[in-house]
Every structure is written in structure tokens, then in C-alpha cells.
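Chain and residue survey
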Amino acid sequence: MKSKSTIKVAMIASVSAAIMFTSCKFESDNDYKTYPEDSTAHEGVHGTHDATTPAHGEASPGAPHEATDHESTTNPALHNGDSTSTSTSPITDTSSTAKAKRKGRATFNDWAVDPSAKKEADADGVYSVADVMPEYPGGKQAIQKFIDNNTEYPQSAMDEDIEGTVRVSFAIDEAGNVTKAAVTGAKVGHGLDEEALRVVKKMGKWKPGKVNGKNVKVRLSLPVTFLIS
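To continue, consider the overall build of the protein. Each helix and strand counted, the protein has 9 helices and 6 strands in total. Split into buried and exposed, the 229 residues of the protein put 25% on the buried side. Split by element, the accessible area of the protein, about 16400 Å² in all, is 54% carbon and sulfur.

Attention now goes to the packing of aromatic side chains. What characterises a pair of aromatic rings is the spacing of the ring centres plus the angle enclosed by the ring planes. One pass over the full model with this rule turns up 4 aromatic pairs. Ring geometry for Tyr 136 and Trp 206: centres 5.4 Å apart, planes at 70°, overall edge-to-face. With Tyr 136 in the loop between strand E2 (126–127) and helix H7 (139–150) and Trp 206 in the loop between helix H9 (192–202) and strand E5 (209–211), the pair connects residues that are 70 residues apart, well separated along the chain. For Trp 206, a relative accessible area of 4% gives the class buried. Through pairs of rings, three or more aromatic residues link up here, namely Tyr 136, Phe 146, Phe 170 and Trp 206.

Let's shift gears to the packing of H7 against H9. The contact between H7 and H9 brings their axes to 10 Å, and the two run at 125°. By the criterion of interaxial angle, the relationship of H7 to H9 is oblique. Judged by the sense of rotation from one axis to the other, the crossing of H7 with H9 is right-handed. Taking contact as the criterion, the partners of Phe 146, Ile 147 and Asn 150 in H7 are, on H9, Glu 195, Arg 198, Val 199 and Lys 202. Class assignment for the residues of the contact of H7 with H9 results in 3 nonpolar, 1 polar and 3 charged.

Mapping Gln 144 onto the fold places it in helix H7. Among the polar contacts listed, one links the side chain of Gln 144 to the backbone nitrogen of Phe 108, at a separation of 3.3 Å. Setting aside its immediate chain neighbours within four residues, Gln 144 contacts Arg 105, Ala 106, Thr 107 and Phe 108.

Right, let's talk about the nonpolar core for a bit. Counting 35 residues, the largest nonpolar core has Ile 143, Phe 170, Trp 206 and Phe 226 as the members making the most contacts within it. It is strand E6 (residues 214–228) that contributes the most residues to this core, 7 residues altogether. Residue contacts for Phe 226: discarding those within four places in its chain leaves Arg 105, Ala 106, Thr 151, Tyr 153, Glu 163, Gly 164, Val 166, Leu 192, Glu 195 and Ala 196.

Quick look at the pairing of strand E4 (residues 178–184) now. As judged from the 5 bridges shared by strand E3 (residues 164–172) and E4, these two strands associate in the antiparallel manner. Each bridged residue has a counterpart across the sheet, and for Ile 172 the counterpart in E4 is Val 178. Where E3 folds back onto E4 in an antiparallel hairpin, the turn is made up of 5 residues, including Gly 176, whose phi is positive at roughly 90°.

Turning our attention to H7. The first and last C-alpha atoms of H7 sit 17 Å apart over 12 residues, in line with the 16 Å expected at 1.5 Å per residue. By the burial criterion, the buried members of H7 are Gly 139, Ile 143, Gln 144, Phe 146, Ile 147 and Asn 150. Its buried side turned inward, H7 meets strand E1 (104–108) and H9.

If charged atoms from side chains of opposite charge come close, those side chains can pair. A full pass over the atoms with the stated rule returns 5 salt bridges. A salt bridge links Arg 105 to Asp 148; the nearest nitrogen and oxygen atoms lie 3.6 Å apart. Of this pair, Arg 105 sits in strand E1 while Asp 148 sits in helix H7; the two residues are 43 residues apart in sequence, bridging distant segments of the chain. Arg 105 gets classed as partly exposed once you look at its relative accessible area, which sits at 39%. Notably, a salt bridge pairs Asp 131 with Lys 119, separated by 2.3 Å at the nearest N-O pair. Placement of the pair is Asp 131 in the loop between E2 and H7 and Lys 119 in the loop between E1 and E2, with a sequence separation of 12 residues. Judged by relative accessible area, Lys 119 falls into the partly exposed class, the value being 46%.

So, how was this worked out
Residues numbered from 1 in each chain as written. Predicted model: local features only at pLDDT ≥ 70, side-chain atom pairs only at ≥ 80, totals over all residues. Heavy atoms only, no water. Helix = DSSP H or I, 4+ residues; strand = E, 2+ residues; numbered from the N terminus. Buried < 20%, exposed > 50% of the residue type's maximum accessible area, 1.4 Å probe, protein only. Areas by Shrake-Rupley, 256 points an atom, 1.4 Å probe, with all protein chains shown as cover. Phe/Tyr/Trp six-rings, centres within 6.5 Å; stacked < 30°, edge-to-face > 60°. Axes fitted to C-alpha atoms, helices over the stretch in contact; angles between N-to-C directions. Parallel < 35°, antiparallel > 145°, perpendicular 65-115°, else oblique. Left-handed = near helix turned anticlockwise from the far one by under 90°. Contact = heavy atoms within 4.5 Å. Nonpolar A, V, L, I, M, F, W, Y, C, P; charged D, E, K, R; others polar. Polar contact = N/O pair within 3.5 Å; in protein donor to acceptor, adjacent residues only side chain to side chain. Core = buried A, V, L, I, M, F, W, Y, C linked by side-chain atoms within 4.5 Å. Pairing = 2+ DSSP bridges. Expected span 1.5 Å × (residues − 1). Salt bridge = Lys/Arg side-chain N within 4 Å of Asp/Glu carboxyl O.

The analysis is restricted to geometry; functional conclusions fall outside its scope.
Put into C-alpha cells, the structure is as follows:
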């Protein structure tokens, strides 16, 4: 038979074991699952949850953007590694278009005759005033029509918006021909002077001037004005 001391020690050991088992046992699985998310015990198993951690599909702050499959196939800039769009709309040079639509023309101003001038010929036998002044067939309207039909506005003058008046001096001889044509006064430039001279020289025969009923050479000065519209 066991002694009382042995029985007492055995009872104490059983009670201690029961107490230890009870303190470590959870009443149910819920006791473990209801630990707070920031619990130290929970961190040891699952790790902490950072509020700044991006949700699924979101880029983290400061991280380089990675193109999705959709972006890489539909956005050429992203596909090529370029941060800017490569598509550009055509640029229309409106100033060049407007200039291309403009037109240049030339007109003339009637020459003035000094009534006080003497009816005398110069060293070349040319009068500046005659009893009957030379006349272009059809008159002034015919002169303007001829200029309209034969003048080509120089492109360089058109490009540079050059306008101006070129004064062309010439003589109508006894047969009505245009002779001794030359540009006088200040030059306009950009080909306008040469064009005015060319057109005047191209004119057909005039009715010659007369002094005392005789055909004579008479000098005229034709101001040709170039305009852009």
C-alpha cells in the first residue's frame, strides 16, 4: 500500500497538469481568428497589413508605371517607350495658302501734258508736245486691257508684298512704233521695273502725233502701277 506522502505528491502533480492544459486550450477556433489585425501574435503568423500597400492592379506610390497589355497594344507611345504621343495632326501653313490665292495686276495712270511746253523737237528730233498727241487704237481702255492681258506679276515681288509705280518713258515715231523705251525715276525692284518695260515695248502701233499736220516723233511717259489683291 502506497504511503500518504506518495498519494499527496501524485495528486498535486495531476492538478498542476490539469491547470496547465486548461490555460493553453482555446474554447473554439474563433478564439484564434478574432485576434486584432495588429496583434503581435497575428503578425508572427501572417505579417502586418500596411495601409499604403496598393490594392490588386494598382501601382504603388513612386513606382514606375508598367504598361498593361491593353496599353502596349493600343498606345504607340507606350509601346515604343516614348512618353509623348507620336501622333500629330497635319499643320497647314495658312500664310502660304493665303499668298497663293492672291493676285497681282498692273494699271496705268494717264500721262500729263504741260500746256506751256513749246512745240519744239529735242536733239533727237522728238517732241514733248504736239498739235495732235499720239493715240493708242481704242484709247485708254484699250491700253488698260493690253496691260491686263500681258503683265505677269513677278513672283519675287508677290512673295515679298512689293507694290509700286514704275514710270516708263518712250517715244512714238512717225510710223506709230514704240521706240526709245526706258525706265525713269526711282526703281521699285523685284522685277517690277523690267516687267513694266517689257510690256510697254510689246505694245503694237499707235496713231502717230502731228505737228503742223505732219507726223512727228512724240515722247510719252507711262506710269505703270503694280498692285496685289
